[in-house]
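Inside the fold
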Amino acid sequence: MIIEGGQRLIGEIRVGGAKNAALPLLLAALLTDEEVILHNVPDLRDVTTVEKLLESLGVAITRKGSDAVINARGLNAIEAPYDLVKTMRASVLVMGPLLSRRLESKVSLPGGCAIGTRPINLHLNGFEALGAKISLEHGDIHAKAKKLKGAAIDFPIPTVTGTENLMMAACLAKGETVIENAAREPEVVELGRFINAMGGDISGLGTRTLTIRGVSELHGAEYSIMPDRVEAATYMAAAGVTQGNILLKGVPVASLKAVIDKLVEAGMEIKEENGNTRCLMIGPVRNVDVKTMPYPGFPTDMQAQLMAMMCFATGLSVISETVFENRFMHVGELKRMGADIHVEGHSAIIRGKGGLSGAPVMATDLRASASLVIAGLAAHGTTEISRIYHLDRGYEKMEEKLQSAGAVIRRVRE
Ligand code: EPU
């Protein structure tokens, strides 16, 4: 991706369907033999990976634009192939629904990734509590149960995909499952609402305690996936660093309170305008401190983008990452663009110098890539970001959306 920095972003950008809701919802289609219709499914690499995973299990999927029609009547396998799992950690979300439907699942143990070791012990402890036996064979996790029975599960820390996996495993189990310290992210709520639309019985969504009463079967459903809060927030930050003025369409404003509060503190004006969201920056970027937290706190998925923005402030910002242990891979790349950032433990101290200069940099993970795009949009000169395929995992047509708002950005073959 080659970006000529320094253009104000002015125009309109539409936010697509949420990646982290689309992935579990697509997999939840495994929970019924009936047809599931999903609308607002984003066109992303991770979504394609889940679709391939479902097809490898015998599930029929038809895509037409942002609609997906899924029918799991042909489900004939319990194993997720390694070559798919290794490209996307969220593939572990196939375990819950497979255990529900087939009482068995086999998935490669995902290794470490660019943002940390990311274990799945809490998912597995939960499956065991529901009655599954877990074994590790040749790098695969094998979960098998005679039957699944409701249980009390208390997470020591909230886990998003762990909560989702257990909701899917427990919704057809016998009896009641109570998950304490459940994740409260909007995407978890979205999955719960979808399962309920299929005839499930989950209550407490959006709170720390989820109660899942097992039902004997689920039926088909039609559902429109919520808009992507991280995509929306990324474009807000892009408008902020470029002294921009953009109208974002389809922003899930309520779920972005923590982010919008910080962007306003950093000098932005963000307000509702006829059902859309006006994002405006007049004046210099102001330095702010941020600590990432589980929802409703400031999301870790926006940490890298905010750090890029802070490089354009003057003064000191402290950004603390409390969710993942190693999510500062973008720091070295931002430094190549002239940033003054010092990492100490879980915190990054940014001495904003009011700007960056374009440089060749390398994307390391999805949100780190987004932070480099934000940096490049406002930097002096040309920024060339390689390994940009990371971006396609979670941002739909990013360069087209930015171009439509005046950015000088293009993709070239490496
Ligand atoms: N954790 C454990 N054991 C577990 C599960 C999690 O120790 O069994 C730890 C993790 O290592 C981490 C913390 O718990 O330190 C929270 O991780 P969580 O499980 O909530 O993360 P996740 O479910 O793997 C999802 C999103 C991530 C997002 C995080 C946090 C999906 C598919 N992924 O991951 O999204 O950063 O929640 O909000 O929903 C992204 O979109 O770029 C992305 C990485």
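It should be emphasised that the depicted structure is a prediction, and the values quoted were computed from it without experimental measurement.

One open sheet holds the four strands; their spatial order is β2-β15-β17-β16, and the pairing between them is mixed. Each having just a single partner strand, β2 (10-14) and β16 (268-273) make up the two edges of the open sheet. The sheet shows a mean angle of 20° between the axes of neighbouring strands, direction not considered. Strand direction decides the pairing type here: β2 and strand β15 (residues 245-249), joined by five bridges, are parallel. Looking at the pairing, Gly-11 lines up with Ile-246 of β15.

All buried positions along helix α11 (residues 329-336) are accounted for by His-330, Val-331, Glu-333 and Leu-334. On the buried face of α11, the contacting elements are α10 (303-310), β20 (341-344), β22 (360-362) and α12 (366-378). Positive backbone phi, at 100°, marks Gly-338, one or two positions downstream of α11.

Looking now at the domain arrangement of the protein chain. Along its sequence, the protein chain is carved into domain 1 (2-16 + 227-410) and domain 2 (19-224). Centre-to-centre separation of domain 1 and domain 2, based on C-alpha positions: 30 Å. In total, about 1800 Å² of surface goes out of reach between domain 1 and domain 2, with carbon and sulfur atoms giving 50% of it. Per-residue buried area on domain 1 facing domain 2 is highest for Tyr-295, Arg-393 and Glu-396; these three make up 32% of the total on that side. Counting every contact that joins domain 1 to domain 2 gives two salt bridges. The partner of Arg-229 in a salt bridge is Glu-187, and the shortest N-O contact between them spans 2.8 Å. Run the count over domain 1 and domain 2 and you get six residue pairs in polar contact (both at pLDDT 80 or more). Listed by contribution, the elements that provide at least two residues to the side of domain 1 that touches domain 2 are α12 and α13 (389-392). Tallied by class, the residues present in the side of domain 1 that touches domain 2 amount to nine nonpolar, five polar and eleven charged.

Here we come to the pattern of salt bridges. For the structure on display, the rule yields 18 salt bridges. A salt bridge links Asp-46 to Lys-19, with the nearest nitrogen and oxygen atoms 3.8 Å apart. One end of the pair, Asp-46, is in helix α2 (residues 45-56); the other, Lys-19, is in helix α1 (residues 19-28), with 27 residues separating them in the sequence. Grouping residues by exposure puts Asp-46 and Lys-19 together as buried. Among the ionic pairs, Asp-301 bridges to Arg-327, the shortest N-O distance being 2.8 Å. Taken together, the positions of Asp-301 in the loop between β18 (290-291) and α10 and Arg-327 in the loop between β19 (314-320) and α11 put the pair 26 residues apart, joining distant regions of the chain. Comparing Asp-301 with Arg-327, the two get one shared label, buried.

Thresholds applied
- Residues numbered from 1 in each chain as written.
- Predicted model: local features only at pLDDT ≥ 70, side-chain atom pairs only at ≥ 80, totals over all residues.
- Heavy atoms only, no water.
- Pairing = 2+ DSSP bridges.
- Helix = DSSP H or I, 4+ residues; strand = E, 2+ residues; numbered from the N terminus.
- Axes fitted to C-alpha atoms, helices over the stretch in contact; angles between N-to-C directions.
- Buried < 20%, exposed > 50% of the residue type's maximum accessible area, 1.4 Å probe, protein only.
- Contact = heavy atoms within 4.5 Å.
- Domains from an automatic or database assignment.
- Buried area = accessible area lost by both parts, 1.4 Å probe.
- Salt bridge = Lys/Arg side-chain N within 4 Å of Asp/Glu carboxyl O.
- Polar contact = N/O pair within 3.5 Å; in protein donor to acceptor, adjacent residues only side chain to side chain.
- Nonpolar A, V, L, I, M, F, W, Y, C, P; charged D, E, K, R; others polar.

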